[in-house]
Every structure is written in C-alpha cells, then in structure tokens.
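Structure at a glance
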Amino acid sequence: MNTFSENGTAGPFPGQHQLTLIGEIVESSTTEFLAQACELDSAPPFGAFVEVATEDGLTIYGIVAHVQTAGIDPGSRAIMRGHGDVRDERIYQENPDLPLVLRTTFRALVVGFTEGAQLYQFLPPRPPRLHYSVSVCARDTVRVFASTGLDYLVAMLNAADAPADELLAANLRYTAAQMHEPAEFLQLAGRALAQLLRADYARLTAILRRCLAQTGAW
Amino acid sequence: MPLDLLELSTQVRQMGELLAHRRADEQRRLRLLDGLLTEYRDRWPELAELAETVHERVAVPTGPLDERIPSPPRPATYTAMATDGAEIDPDRHGGSGEFYLINVGRVRIPYGQPERDVELSSVSTLGYTDDDLYIVDPRDPRRQVPMRDRHLDALRTVAEVRALADLAETDAKSAPGVALVDGTLLFSVLEERPRDFLRSRFYADFVFQLERLRRARVCVAAYASRSRGIDLVHLFRAVCGSTPLVCQICTGAHACALRGLNDAHLIGRGLDRWDRSGLFRVRSNVHDPYYGIHRVYFFLLATGDEVARVEIPEWVARDQAMLGLLHAVLVDQCAKGFGYPAVLARADDRAVISLGDRGVLDTLVQQELARRGVVARPSAKLSRKQVRTV
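Remarks on the overall build of chain A
- Along chain A, the regular secondary structure elements total 7 helices and 8 strands.
- Relative to its full complement of 218 residues, chain A shows a buried share of 31%.
- Considering only contacts in chain A between residues 6 or more positions apart, those separated by 24 or more positions represent 68%.

Observations concerning the overall build of chain B
- Per the secondary structure count, chain B includes 13 helices and 13 strands.
- Taking all 390 residues of chain B together, 36% fall into the buried category.
- Partitioning the intrachain contacts of chain B with sequence separation of at least 6 by distance along the chain shows that 70% fall at a separation of at least 24.

Things to note about the interface of chain A and chain B
- Contact residues are listed per partner, giving 6 residues for chain A and 8 residues for chain B.
- Of the residues assigned to the side of chain A that touches chain B, the class counts are 2 nonpolar, 1 polar and 3 charged.

Focus: the pairing of strand 8 (residues 177-182) of chain B
Residue and element names in this part refer to chain B.
- Here strand 8 lies mainly inside the structure; 6 of its 6 residues are buried.
- By the bridge criterion, 5 bridges tie strand 3 (residues 78-88) to strand 8 in an arrangement that is parallel. Across the sheet, the residue bridging to Ala82 is Leu180, located in strand 8.
- With 5 bridges connecting them, strand 8 and strand 9 (residues 219-224) associate as parallel partners. Of the residues in strand 9, the one forming a bridge with Leu180 is Ala221.
- In the classification by handedness, the crossover that spans strand 8, the intervening helix 5 (residues 198-215) and the parallel strand 9 is right-handed.

Here's the deal with helix 6 (residues 231-240) of chain B
Residue and element names in this part refer to chain B.
- Those residues of helix 6 that fall on the buried side of the exposure criterion are Asp231, Leu232, Val233, His234, Leu235 and Phe236.
- Packing partners of the buried residues in helix 6 comprise helix 1 (5-40), helix 2 (44-51), strand 1 (58-61), helix 7 (263-268) and strand 11 (280-283).
- One or two positions beyond helix 6, positive phi appears at Gly241, with a value near 85°.

Side note on the environment of Gly268(B)
- Of note, Gly268(B) is situated in helix 7.
- When the 19 C-beta atoms within 10 Å are taken as the criterion, Gly268(B) is described as partly exposed.

Some remarks on the packing of helix 5 (residues 164-178) of chain A against helix 7 (residues 201-212) of chain A
Residue and element names in this part refer to chain A.
- With their axes 8 Å apart at the nearest point, helix 5 and helix 7 run at an angle of 40° to one another. As summarised for this structure, helix 5 and helix 7 are arranged oblique, according to the angle between their axes. With respect to the hand of their crossing, helix 5 and helix 7 are arranged in right-handed fashion. Counted together, Asp165, Glu166, Leu168, Ala169, Leu172 and Arg173 of helix 5 and Arg203, Ala206, Ile207, Arg210 and Cys211 of helix 7 form the full contact between these two elements.

Considerations on helix 2 of chain B
Residue and element names in this part refer to chain B.
- Restricting attention to buried positions, one finds in helix 2 the residues Trp44, Leu47 and Ala51. The arc that holds the buried residues of helix 2, viewed along the axis, is 55°, so those residues lie on one side. Those residues of helix 2 that are exposed and angled more than 90 degrees off the buried face are Pro45, Glu46 and Glu49.

Here's the deal with the pairing of strand 5 (residues 58-71) of chain A
All names here are of chain A.
- Note that strand 4 (residues 49-53) and strand 5 share 5 bridges and pair antiparallel. Across the sheet, Val50 pairs through a bridge with Gly62, a residue of strand 5.
- A loop of 4 residues connects strand 4 with strand 5, the two strands running antiparallel in sequence, and Gly57 in this loop sits at a positive phi of about 90°.
- Where strand 5 and strand 6 (residues 102-115) come together, 13 bridges link them in antiparallel fashion. From the neighbouring strand, Gln68 faces strand 6, where its bridge partner is Thr105.

What to know about unusual backbone geometry
Residue and element names in this part refer to chain A.
- Not every positive phi belongs to a glycine, and Asp41 is a case in point at roughly 60°.
- Note that Asp41 resides in the loop between strand 3 (32-37) and strand 4.
- Here Asp41 falls in the exposed class, since 12 other C-beta atoms lie within 10 Å of it.

Observations regarding the environment of Tyr120(A)
Residue and element names in this part refer to chain A.
- Within the element layout of this structure, Tyr120 appears in strand 7 (residues 118-120).
- A C-alpha to C-alpha distance of 9.3 Å links Tyr120 and Asp151, two positions 31 residues apart in sequence.
- When residues no more than four places from it in sequence are discounted, the contact partners of Tyr120 are Gly112 and Phe113.

Quick word on the environment of Ser379(B)
- Along the polypeptide, Ser379(B) turns up in the loop between helix 12 (355-371) and helix 13 (380-386).
- As a C-alpha pair, Ser379(B) and Val286(B) span 93 residues in sequence and 39 Å in three-dimensional space.

Section: the confidence of the model for chain A
- Per-residue confidence for chain A gives a mean pLDDT of 90; residues scoring 70 or more make up 90%.
- Across residues 5-10 of chain A, confidence stays below pLDDT 50; counting only partners more than four residues off in sequence or on other chains, it has 14 contacts.

Points about the confidence of the model for chain B
- Residues with a pLDDT of 70 or more make up 99% of chain B, whose mean pLDDT is 92.
- Scoring the predicted complex yields pTM 0.86 and, for the interface, ipTM 0.77.

Some points on the packing of helix 6 (residues 182-196) of chain A against helix 7 of chain A
All names here are of chain A.
- Here helix 6 crosses helix 7 at 165°, and the two axes come no closer than 10 Å. Considering the angle they form, helix 6 stands roughly antiparallel to helix 7. Relative to helix 7, the crossing made by helix 6 is right-handed. Contacts from Leu186, Gly190, Leu193 and Ala194 in helix 6 reach Leu204, Ile207, Leu208 and Cys211 in helix 7.
- The residue makeup of the contact of helix 6 with helix 7, split by class, is 7 nonpolar, 1 polar and no charged.

Points about the nonpolar core
- In terms of nonpolar packing, the biggest core is built from 92 residues, with Leu164(B), Ala179(B), Ala221(B) and Leu326(B) touching the most fellow members.
- At 10 residues, helix 4 (residues 149-169) of chain B tops the list of elements feeding residues into this core.
- Beyond its immediate stretch of four places on either side in the chain, Ala179(B) contacts Met81(B), Leu164(B), Leu167(B), Ala168(B), Leu213(B), Val218(B), Cys219(B) and Val220(B).
- Grouped together as the second largest cluster of nonpolar side chains are 50 residues, Val50(A), Ile63(A), Ala138(A) and Leu167(A) included.

Rules of the game
Residues numbered from 1 in each chain as written. Chains lettered and ligands numbered in written order. Predicted model: local features only at pLDDT ≥ 70, side-chain atom pairs only at ≥ 80, totals over all residues. Helix = DSSP H or I, 4+ residues; strand = E, 2+ residues; numbered from the N terminus. Buried ≥ 20, exposed ≤ 12 C-beta atoms within 10 Å, placed from the backbone. Contact = placed C-beta atoms within 7 Å. Nonpolar A, V, L, I, M, F, W, Y, C, P; charged D, E, K, R; others polar. Pairing = 2+ DSSP bridges. Right-handed = clockwise from strand over helix to strand, strands pointing away. Axes fitted to C-alpha atoms, helices over the stretch in contact; angles between N-to-C directions. Parallel < 35°, antiparallel > 145°, perpendicular 65-115°, else oblique. Left-handed = near helix turned anticlockwise from the far one by under 90°. Arc of directions from axis to C-beta. pLDDT = per-residue confidence, 0-100. Core = buried A, V, L, I, M, F, W, Y, C linked by C-beta atoms within 7 Å.

Below, the structure written as structure tokens:
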C-alpha cells in the first residue's frame, strides 16, 4: 500500500497528512465516484471516509457505499475453481494470474468538499477527475469533517443505489471510532437523526440499533 | 425480419434427422474399421513405409497404433507461456485508407514461483506501408499479392510464434518452460502458382521463430481443441485404396467407411482421461521442405470431454524429458482451464478485438485523416448499411 504526503496547511486540516493511496477513479459524477482498489480485495471499509484532491484546489470527500470484486473484462464471470484440498488462498497460489484478471472496485457517495480553508457539506461544483488518486481520510480529517456539522447524514439517508440505513449506521460507527469521545459523537448524531427521521420512528430506531449494537448500549 | 423462421424451422428439423442418422452411421462404420485397426496395430512399421510413398499429407506412425501413455504427475513449478492473435482485414468499404491490424496477446504465468510476476499483455501492430500491404515476388517485383484474408492469417500465425519466441528468450528460466500457440504448426499458405514465392516468405520466417524457441530450450507446442485432423485417416485411405466396391471392410457399400471420420475417431476412443496417444509424424510435401529439423509430429490428448491434438516440432518429439513435461503441463493446464489450457485462454482474452475496439480504431484513423484534411468517405454500399433508408 502506497503512502504519500500532502501539504494541507491551506485547508481546514492544519499540518502534514499522511495519506494512504487506496484506489484510482474509474467513473466519476456529481453525486458519486467509482474507484478501482490498488490491490485486489483491499478496498476501504464500507462506510469509511475517502478523499480525492483535484489540481484546482478542491478536495472532495466521499463515503464508501458499495464494494465489489469481479472480473476486469465486462462479461467475464468468476467460476468455482476449488477442488480436493485446493481451497481459499491455495486457489490463488495455483492460479497466479487471477489477481490480474480480477479487480476490486468501490463506489463512494460524495458528501462534501473543501475549497481553500473552507469545508462544505454539500455537493462540489465539479466532480473529481477520472484516474485521480483516492485515499482513505486521515483520522484528523474525519474528526474535523464530522465536527463541522452533520448535514452529510442527509446524503446517506437519500442514497438511491445503496442500502441507505446500513450505510448510515456503518458510517456513524466508523466515525465514532475515530473521535476522541465516541459516545458523545453518537449522541449528537442520534439527535440529528431524530430530527431528520421524526416522522419515521421505526426507521430511526433500526438505524440507532445498528449504531449501538457493538457498544452494548442498545 | 430478414430470416424466414418458418421456412428455417422445417429445414432445421430435416437437418436434425440427417445428423442423427449420420451419427448412427458413424458408429456402424467405426465398428467396421475396428477390424482394420486391430490388424494394423502392430504392423506400424509397414504403415510407416507405406506413408513415405503417398502423395497426400499423411501421419507416419512411430509405434503401435493403440499406444497410450498415462500422464506423468502434474508439476507444481513451471512457466507457461502462450500467444494468440486476432486481426482486422483491410476494409475497402471503410474509406479510411488501406490498413490492417494484428493484435497478439502475450501471456507468461510462472506457476509455483510466487516471487515472479505474471505477464498479461497485448501487442498491436498496424500495417499500412506498401511493404506491409503487398507481398512482392523478389524475382519479379511487378508481381504483388495483397496482404489480406488467408495471407493475413498466415502473417498473424507468424506474429504469434515470433511473440512466443520473444517470451521464451526473455524468460528468467527459473523453472522449466512450455510455450503454447492455439491451432496448428502446419498452417496453410495458398499459392496461386506452383513454387510461388508466398510459401517461402511465410514458412521461412515461421521456421526461424521455431529455431529461436529451440535455442532458448523452451518446449513449444500447438494445441487444437476438438481436433478434426485427418492425417491418419488419409494413411488408412492409402491402405485400403478408398475403393468401397472392392474393399473387404466396406464390403461394397456406397461410400468408404472412412468418409467423414477423423483421427480422434480412430485412435482417440481408446484413450482414458489425461492419456496421450503415441507420436505420429506428419509427412507433408508442402511443409517438410521448409521445416527441416522442425518437422511436425503430433499426439492426441484426452481431456475428458474431448480429444485434442498437440503438434510439436521434431526436436521436442525426440526429447523424452521435454515430451513428458509437455504432457504433464498440458494436463495441469487443462485441469486449471476446465478442459482448455488456462494460459491459452488468457492469451485469447488479450487477443480478441471487440467491436468497441474496432470503433475506437476507426475513429482514431478518421480523426487523423481529418486533421490532415483528408476526407474518409465510406463506400456507397457501407453508407447504405450504416443508415437504413425506407
């Protein structure tokens, strides 16, 4: 996995960030982008924050909403290759060409961007450029992004081609784990969600249950 | 709808009936031929002697006809190399000028060598100069044969083996290597006149590439899935004279029992899965003068669902270690590739030129011509096909 530094002094995230290159954009639009992971099966976790910098000073943030591994050529299908005691990792050892004909892609929902020193939680004026590098957001970036506001939760609630509730819960769990005070963050997020879903109590509780299941608080 | 499906369905039904009858007849004829095969099973030196006197291309046996060799153990460490090609013929209707494209998929997979990288690539070559587009008779430069159709096929075949020789020469040789091409080593070159210049042009280059492979000490083979080769059938036709009226086997039937059968019918039936047949040399008046020490031998390989034909040059056939390695590697490759060598399947994936790729190439050419102020106008026929008028 490659790492590279980016000077972030101009943005809302002071200091040097060590960015972890995780993929490259292969499809891009205003609301989402699709990236191919640098290595097979090494996509960022579902619900994680990723970022793409453009050369005109924008850094666009997305949340991983779908991960897929399949054949590179459209129309090529993976078939069962295991036999006898050749299973799991040994299948890859027996067929060293597989990593070159398979690829892992992940789709990220665009939830905000920075321009200069300002961070916005709405859609950027331009989508990220094709073939640009996608990195996992540093912990500090996640903290600043989530502390700036929770307007981005709406984008996830309204996600059309993703399991919206699962995505929201996964993102809140992921974000809480990056915060200094996870419980406090979850409380804030819970309140914001209660506002957004005041007309849909069942949905709200379902999401909250998913957020808190691992903490044992539910 | 351009197809008259009603009429076609009647014809399909009639065809089905005929095919079923033909299959039953085939079985009957094979039973007749079993006697002939048994009779000649151990008289193969006699057959080999006869083969030298036949004018047609025939198989020369090198051992008993029913020889079966079981597969050696599958190797865990070896390097498989393969190439496969595809081409776009010059399109006289396209208007973008005369050019052809040859795309060769090149694959090298080092098995059991985790420290080495897999190579999957393709090399595309555009032919557009006069030297590319015409084959010129060196003795009479006024004679020019356009490089298209069967000649372009031959050029692609040579390009495939050249790419294979490149792979073999650059291989790290950290494990035994096997290099495969799809199809045959005995490709055909149509000549318009006897002793024309076309065969020497293609065969000389082809044999030079085989020589590079020999010097690189990489075992080379051509693999033909569900082979329809009939070299042995031709030999038996020479034995029986192919005159059913006086033939003891056909006993006055209206047609020779060998008609429509192929070598796999004759000797492939006795092979168990992963067995190979004995070796046969192909005696070909067309190829032998050019091939020299690369004269072609073949064996049949039972892969379970079908019988494949594997052609090798003489220096592989005479090297027992290489032959054993080839057999074992082909078994491993067919097991990995579900009946067809995995490395060849990858090379084919890299060679295929999709409709989309063709469109991109056409656009590239048209843009380049437009940039230079040359109008690329398709023929009236192509224009009519592109835009349907009512």
